[in-house]
Amino acid sequence: MDDVIRKGQERLRNLLPGGFGSVKGLILILLAAIVVWLITGFFRVQPNQQAIQLIFGKPYGGAVDPGLHYNLPAPIGHVVIVNVLDQRRTVIGSRSNAGFNRNARATSSENLMLTGDENIVDIEFAVLWQIKDVFRYAFAVRNAEEIVRAAAEAAMREIIGKSNLQYAQTEGRTRIEQDTKELLQRILDEYGMGVLIAQVQLLRVDPPQEVISAFRDVQAARADKEKNINEANTYRNQVLPRAKGEAASIVQKAEGYKAQVVARAKGDTQRFTQVYDQYVKAKDITAERLYLETMEEVLRDVNKVVVDKDAAGPGVLPYLPLPELKPNQPATPLPPRVSPSAQGASR
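Being a predicted model, the structure only gives us computed values, none of them experimental. All residue numbers refer to position in the chain's written sequence, counted from 1. Given that the model is predicted, a residue must reach a pLDDT of at least 70 before its local features are reported, and side-chain atom pairs must reach 80 or more before they are shown or counted; all residues, however, enter totals for whole chains, interfaces and linings. Processing note: side-chain calculations cover all non-hydrogen atoms of the structure and skip hydrogens and water entirely.

Q: An account of the overall build of the protein is requested, with residue identities and associated values reported.
A: From N to C terminus, the protein includes nine helices and 11 strands. For the protein, buried positions account for 24% of its 347 residues. Any two residues whose heavy atoms approach within 4.5 Å at even a single point are treated as in contact. Counting only contacts in the protein whose residues sit at least 6 apart along the sequence, the fraction spanning at least 24 positions is 61%. The method behind every accessible area is Shrake-Rupley, applied with a 1.4 Å probe, and residues are considered shielded solely by the protein chains displayed. Summing over all exposed atoms, the protein offers an accessible surface of approximately 24,200 Å²; the carbon and sulfur share of this is 56%. Secondary structure follows DSSP: runs of H or I at least 4 residues long count as helices, runs of E at least 2 residues long count as strands, and numbering of each begins at the N terminus. Burial classes follow relative accessibility: with a 1.4 Å probe on protein chains only, a residue under 20% of its type's maximum area counts as buried, one over 50% as exposed, and anything between as partly exposed.

Shown next as structure tokens:
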């Protein structure tokens, strides 16, 4: 090592006989400094970045894509490198300033907003955004993140001011997020920031801590109300179809009975008309026929005994017990004759 150092010193003396104080030495030093200065102009752009090259503070060329590039170093040139693909997240109304205790109150009032129904709501939301125009983002505004925060708070206050508290806590969350995103994008476009709002997320929509217990009671009452309404609708859906079915069955039975009675009445009318026509043609025969049919109808279910008055032989009267004769049954033999007194008793 000593030999190497000694040989280097000897070569340097040969190169600069007069030392670094000579003109040749100063030129060599200046050239070395210029080379080192020029070498510092190389810069690398990562895949998620874009760069802007400046010469005397003025941009030239377009956005520089990822890779190894060169620009004149300072103070002549300057390079601004911006992460354009990384998605930034800005949280408004966060309680992180109070540490990890999520029950602590935020130190500012950005989380307290007034709703359309004049209620105060405690809101925490996040804005996801990224850069869409690197030149506008780098030169149009200063402290872009603070501007995004202020614009997001203003946009959210405007949308919440048009919404009710119940709507903001339930079915309106998605709509509020979308409306806030669109309004915030319009505001930032008017500022010319070159920022794209990817998403707005509602993280917390609660009443103030001082009235949260009462608000929970109201929410529980509303839940009970919805439960009772759903149970009533379920019972109605069970009863109404059954009642409608029974009503339809009764109506059908009534229609059938109506058709039956009307048909019977028409049939009786036609029969009466036909009998009357025959009666007009032959009164005696028709009257006798009606008498016989009537007596047949009357005596159909009456116990009957046939007595033969002309039967020969004193004291015994043969008779036929018609009620005991049934279809498909053998005929009952005639009983022995009875006396005339018995005959009178049978009558």
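Q: Let's hear about helix H6 (residues 173-191): which residues, and what values?
A: By this rule the span expected of a helix is its residue count minus one, scaled by 1.5 Å. Over its 19 residues, H6 runs 27 Å from end to end, which matches the ideal 27 Å to within 8%, given 1.5 Å per residue. Where H6 is buried, its residues meet strand S8 (120-131), helix H4 (144-160), helix H5 (165-169) and strand S9 (195-206). A positive phi of about 70° marks Gly192, the residue just after H6.

Q: For unusual backbone geometry, give the residues involved together with the corresponding values.
A: Of note, the phi angle at Glu118 is positive, near 65°, even though the residue is not glycine. With respect to the secondary-structure elements, Glu118 resides in the loop between strand S7 (112-114) and S8. If you check the backbone angles, Asn143 has positive phi at about 55° while not being a glycine. Tracing the backbone shows Asn143 in the loop between helix H3 (134-139) and H4. When its relative accessible area of 52% is taken as the criterion, Asn143 is described as exposed.

Q: So what's going on with the packing of aromatic side chains? Which residues, and what values?
A: Aromatic rings considered in pairs are described by the distance between their centres and by the relative angle of their planes. Only rings of Phe, Tyr and Trp enter the pairing, Trp through its six-membered ring, and a pair is recorded when the two centres are within 6.5 Å. The plane angle decides the type: under 30 degrees is stacked, over 60 is edge-to-face, the rest tilted. Under the definition given, this model contains one aromatic pair. Pairing Trp129 with Tyr137 gives two aromatic rings, centres 6.3 Å apart and planes at 45°, and the pair type is tilted. The burial state of Trp129 is the same as that of Tyr137; both residues are buried.

Q: I'd like a description of the environment of Ile159, backed by residues and values.
A: Of note, Ile159 is situated in helix H4. The contact partners of Ile159, leaving out residues within four places of it in the chain, are Ile176, Asp179, Thr180 and Leu183.

Q: Which residues make up a nonpolar patch on the surface, and what values go with them?
A: To count toward a patch, a residue needs a relative accessible area over 30% and no salt bridge; like charges are then connected within 9 Å, while nonpolar side chains (Val, Leu, Ile, Met, Phe, Trp, Tyr) are connected within 5 Å. Note on definitions: salt bridges are taken to be side-chain nitrogens of Lys or Arg within 4 Å of carboxyl oxygens of Asp or Glu. On the surface, a cluster of nonpolar side chains totalling about 430 Å² of accessible area is made up of Ile27, Leu30, Leu31, Ile34 and Leu38. Position of Ile27 among the secondary structure elements: in helix H2 (residues 23-39). On the accessibility criterion, Ile27 (48% relative accessible area) is partly exposed.

Q: So what's going on with the confidence of the model for the protein? Which residues, and what values?
A: pLDDT: the predictor's confidence for each residue, scored from 0 to 100. For the protein, per-residue confidence averages 77 on the pLDDT scale, and residues scoring 70 or more make up 76% of the total. Taken as a whole, residues 97-107 scores under 50 in pLDDT and shows 16 contacts with residues more than four places along the chain or in a different chain. Below a pLDDT of 50 lies the segment residues 331-347, which in the model reaches 23 contacts outside its immediate sequence neighbourhood of four places, other chains included.

Q: How would you sum up the side chain of Glu177? Please name residues and give values.
A: With respect to the secondary-structure elements, Glu177 resides in helix H6. Apart from residues lying up to four places away in sequence, Glu177 is in contact with Val200, Gln201 and Leu202.

Q: Can you tell me about the layout of surface pockets, naming the residues and giving the values?
A: Volume-wise, the largest pocket comes out at about 150 Å³. Detection works on a 1 Å grid of protein atoms alone, calling trapped sets that fit a 1.4 Å probe cavities and calling open sets with protein on both sides within 12 Å along at least five of seven lines pockets, with lining residues defined by an atom within 4 Å of a point. Every residue lining the largest pocket is listed: Arg271, Gln274, Val275, Gln278, Ala282, Ile285, Thr286, Arg289, Leu290 and Glu293. A per-element tally of the lining of the largest pocket places helix H8 (residues 283-298) first, with five residues. Per-class residue counts for the lining of the largest pocket are four nonpolar, three polar and three charged. Grid points are joined across faces, edges and corners, and a volume is the space filled by probe spheres set on the points. Throughout this entry, Asp, Glu, Lys and Arg are counted as charged residues, while Ala, Val, Leu, Ile, Met, Phe, Trp, Tyr, Cys and Pro are counted as nonpolar. The remaining residues, Gly among them, count as polar.

Q: Could you give me a rundown of the packing of helix H7 (residues 212-281) against H8, with the residues and numbers involved?
A: With axes taken as lines fitted to C-alpha atoms, and helix axes fitted only over the stretch in contact, angles between N-to-C directions fall between 0 and 180 degrees. The interhelical angle for the contact between H7 and H8, taken along N-to-C directions, is 135°, at an axis separation of 6 Å. The angle between H7 and H8 falls in the class oblique. Residues Arg271, Val275, Gln278, Tyr279 and Lys281 of H7 form the contact with H8, whose own contacting residues are Lys283, Thr286, Ala287, Leu290 and Glu293. Here the contact of H7 with H8 is built from residues that sort into four nonpolar, two polar and four charged. If an angle is under 35 degrees, it is roughly parallel; if it is over 145, roughly antiparallel; if it lies from 65 to 115, roughly perpendicular; otherwise it is oblique.

Q: Could you give an account of the nonpolar core, with specific residues and numbers?
A: We call a set of buried residues a nonpolar core when its members are Ala, Val, Leu, Ile, Met, Phe, Trp, Tyr or Cys and they connect through side-chain atoms within 4.5 Å of each other. Phe125, Val127, Met156, Ile160, Leu184, Leu188 and Ile197 are the most contacted members of the largest nonpolar core, which has 37 residues in total. Listed by contribution, the elements that provide at least two residues to this core are strand S2 (49-55), S8, H3, H4, H5, H6 and S9. If you tally residues by element for this core, the top one is H4, at eight residues.

Q: Residue-level account of the side chain of Arg204, with values.
A: With respect to the helices, strands and loops of the structure, Arg204 is situated in strand S9. For Arg204, a relative accessible area of 8% translates into the label buried. Looking at Arg204, its side chain comes within polar contact range of the main-chain oxygen of Gly93, at 3.2 Å. Separated by 2.4 Å, the side chains of Arg204 and Glu124 make a polar contact. By the criterion applied in these results, polar contacts are pairs of N or O atoms within 3.5 Å in which, for protein atoms, one can donate a hydrogen and the other can accept it, and in which residues neighboring in sequence qualify only through two side-chain atoms.

Q: I'd like a description of the pattern of salt bridges, backed by residues and values.
A: On inspection of all chains with the given rule, the structure shows 10 salt bridges. For Glu153, the salt bridge identified is with Arg157, shortest N-O distance 3.1 Å. Taken together, the positions of Glu153 and Arg157, both in helix H4 and four residues apart, correspond to about one turn of that helix. By relative accessible area, which is 30% here, Arg157 ends up partly exposed. Measuring nitrogen to oxygen at the nearest pair gives 3.1 Å for the salt bridge that ties Glu293 to Arg289. One end of the pair, Glu293, and the other, Arg289, are both in helix H8, four residues apart, so they sit about a helical turn from each other. In this structure Arg289 comes out as exposed when scored by relative accessible area, which is 53%. In this structure, a network of salt bridges that share partners links the residues Asp122, Glu124 and Arg204.

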